[in-house]
Amino acid sequence: MTLFGIVEICIASPVLFSNVFAMRVVQTVSAMQRQARVWQTLHVPVAFVPTMGSLHEGHLSLVARARQEIGREGRVAVSIYVNPAQFGPHEDLAAYPRNFSRDKKLCAQAGVDVLFAPSDREMYPAGFSTYVAEERLSQGMEGAARPTHFRGVTTVLAKLFHIVQPSVAVFGAKDFQQAAVVQKMVQDLNFPLKIVVSPIVREPGGLALSSRNKYLTPSQHRQAAILRRALERAREAVVGASVPAASLREELRALIASQPESRLDYIEFFDPQTLAPVHQAKRGTQIALAVFIGKTRLIDNAPL
Ligand code: AMP
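Owing to the predicted nature of the structure, the values given are computational and were not obtained by experimental measurement. (Residues numbered from 1 in each chain as written. Predicted model: local features only at pLDDT ≥ 70, side-chain atom pairs only at ≥ 80, totals over all residues. Heavy atoms only, no water.)

Let us look at the site of the ligand. Taken together, the neighbourhood of the ligand is formed by 17 residues, with H59, G172, D175, V201 and L209 sitting nearest. M52 has a polar backbone atom sitting 2.9 Å from an oxygen atom of the ligand. For the ligand, an oxygen atom lies 2.9 Å from a polar atom in the side chain of H59. Taken by itself the ligand offers 490 Å² of open surface, and the protein chains cover 92% of this. Breaking the shell around the ligand down by element, the ones donating at least two residues are strand 2 (46-51), helix 3 (57-70) and strand 5 (168-172). Of all the elements, helix 3 adds the most residues to the shell around the ligand, at three residues. Looking at the shell around the ligand, its residues break down into nine nonpolar, six polar and two charged. (Near = heavy atom within 4 Å. Polar contact = N/O pair within 3.5 Å; in protein donor to acceptor, adjacent residues only side chain to side chain. Areas by Shrake-Rupley, 256 points an atom, 1.4 Å probe, with all protein chains shown as cover. Helix = DSSP H or I, 4+ residues; strand = E, 2+ residues; numbered from the N terminus. Nonpolar A, V, L, I, M, F, W, Y, C, P; charged D, E, K, R; others polar.)

Put into structure tokens, the structure is as follows:
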């Protein structure tokens, strides 16, 4: 902890010295804004990792990346907020896994400086009526399957970016379209912010880590490996070749249907920059898919 850091905490925290060496947990927008103003006054740069909690190694890899981006003299802020605005009316908002005390420990161990965990009342006070919507990259895939999802994502992130005032924000490649939509919002609305996209962390069996994996029974967990197998099969199919996306999609659909509890939501082949669908899949094409295993909806993606 530098002298700057000590001064900064003393100014920002109402309890002087009590948390000089500890991670600070902030639960109100006004306290977080106060902290951000102190960082700005002291020219301390901030790297930010927004999450919905129920943290796993995927999230922690983003925290490590945030630290790498911002250095020892910078600050790493993580938010934990299960954002109701990005859940559809029939989605798993109420059931979404929450374990704040475990998350808090994991963040402290990972070297997070500030954990911002606001309540719904803080983020969406009564009468809230302003939303941010990206209208191009958000239309297909997750946006088509979950019509209000990205409006909720961009709205909450615009708010969080304003509140935390980071110079870097780190997102996972696991949510490939989300990262592209956020990058576009940041560009279109002139947020002075660099978006960093960090690689997908997977289980040894290949399943991408996700807070929603907790919903899977042991048998469903085994069946969920089909997502990764489908991505690998697509990769093999384009080695030295360009193949019609429609026929590759049908092949992968049959592969996924081999699992008794699986139900394909979508498979898309697209340009990784524009997210525009392609007719021919080849090296450099991005594939993304969403598959229900039982009632649990899982997503994954890869470059071919
Ligand atoms: P969530 O808590 O699901 O909203 O995710 C918060 C951030 O963690 C998002 O940027 C996700 O893309 C990222 N993330 C989730 N799972 C993984 C994973 N397996 N590997 C890398 N990043 C991930």
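Here we come to the pairing of strand 3 (residues 75-80). For strand 3, a buried count of six out of six residues is recorded, marking the element as mostly surrounded by other parts of the structure. Neither face of strand 3 is exposed, since R75, A77 and S79 on one face and V76, V78 and I80 on the opposite face are all buried. With six bridges joining them, strand 2 and strand 3 adopt parallel strand pairing. Residue V46 lies in a different strand from strand 3, and its bridge partner there is R75. Tracing the backbone out of strand 2, into helix 3 and back to the parallel element strand 3 gives a crossover that is right-handed. The pairing of strand 3 with strand 4 (residues 114-116) spans three bridges and is classified as parallel. Bridging across to strand 4, S79 finds its partner in F116. Viewed along the sheet, the connection from strand 3 through helix 4 (residues 100-109) into strand 4 turns out right-handed. (Buried < 20%, exposed > 50% of the residue type's maximum accessible area, 1.4 Å probe, protein only. Pairing = 2+ DSSP bridges. Right-handed = clockwise from strand over helix to strand, strands pointing away.)

This next bit is on the packing of aromatic side chains. Per the counting criterion, the structure on display carries eight aromatic pairs. With centroids separated by 4.9 Å and ring planes inclined at 85 degrees, the aromatic side chains of Y124 and F128 adopt a geometry described as edge-to-face. On the basis of relative accessible area, Y124 is assigned to the buried category, the value being 16%. Three or more aromatic residues joined by ring pairs form one cluster here, namely F48, F161, F171 and F191. The cationic tip of R151 hangs over the ring face of Y131; the distance from NZ or CZ to the ring centre is 3.8 Å. (Phe/Tyr/Trp six-rings, centres within 6.5 Å; stacked < 30°, edge-to-face > 60°. Lys NZ or Arg CZ within 6 Å of the ring centre and 35° of its normal.)

In this fold, Q86 is placed in the loop between strand 3 and helix 4. Judged by relative accessible area, which is 9%, Q86 ranks as buried. C-alpha of Q86 to C-alpha of H149: the two residues are 63 residues apart in sequence and 4.3 Å apart in space. When sequence neighbours within four positions are dropped, the list of residues in contact with Q86 reads M52, E91, R146, H149, G152, V153 and V156. (Contact = heavy atoms within 4.5 Å.)

Within strand 10 (residues 286-293), eight of the eight residues are buried, which leaves the element mostly enclosed by the surrounding structure. Side chains Q286, A288, A290 and F292 project from strand 10 onto one buried face, and the interleaved I287, L289, V291 and I293 project onto a second face that is buried too. When strand 8 (residues 262-270) meets strand 10, the two strands line up antiparallel, connected through eight bridges. Across the sheet, residue F270 finds its bridge partner in strand 10, namely Q286. Direction of pairing for strand 10 relative to strand 11 (residues 296-303): antiparallel, over a ladder of eight bridges. Bridged to A288 within strand 11 is N301.

Helix length check: helix 7 (residues 149-164) (16 residues) gives 22 Å between terminal C-alpha atoms against 22 Å at 1.5 Å per residue, within 8%. The buried fraction of helix 7 amounts to 13 of the 16 residues, a majority that puts the element mostly inside the structure. Once helix 7 finishes, Q165 follows within two positions and takes phi at roughly 55 degrees, a positive value. (Expected span 1.5 Å × (residues − 1).)

Another aspect to go through is the side chain of S210. Within the fold, S210 resides in the loop between strand 6 (194-198) and helix 9 (218-223). Residue contacts for S210: discarding those within four places in its chain leaves H56 and K174.

The next thing to look at is helix 8 (residues 176-188). Between its terminal C-alpha atoms helix 8 stretches 18 Å, which fits the 18 Å expected from 13 residues at 1.5 Å a residue. Listing the buried residues of helix 8 in full gives F176, Q177, Q178, A179, A180, V181, V182, M185 and V186.

Below, the discussion takes up unusual backbone geometry. Residues other than glycine seldom take positive phi values, yet M141 does so here, at roughly 40 degrees. As for its placement among the helices and strands, M141 is situated in helix 6 (residues 141-145). Of the residues examined, M141 reaches a relative accessible area of 9% and is grouped as buried. Positioned with a positive phi, L275 is a non-glycine residue whose angle comes to about 65 degrees. Counting through the fold element by element, L275 comes out in the loop between strand 8 and strand 9 (280-281).

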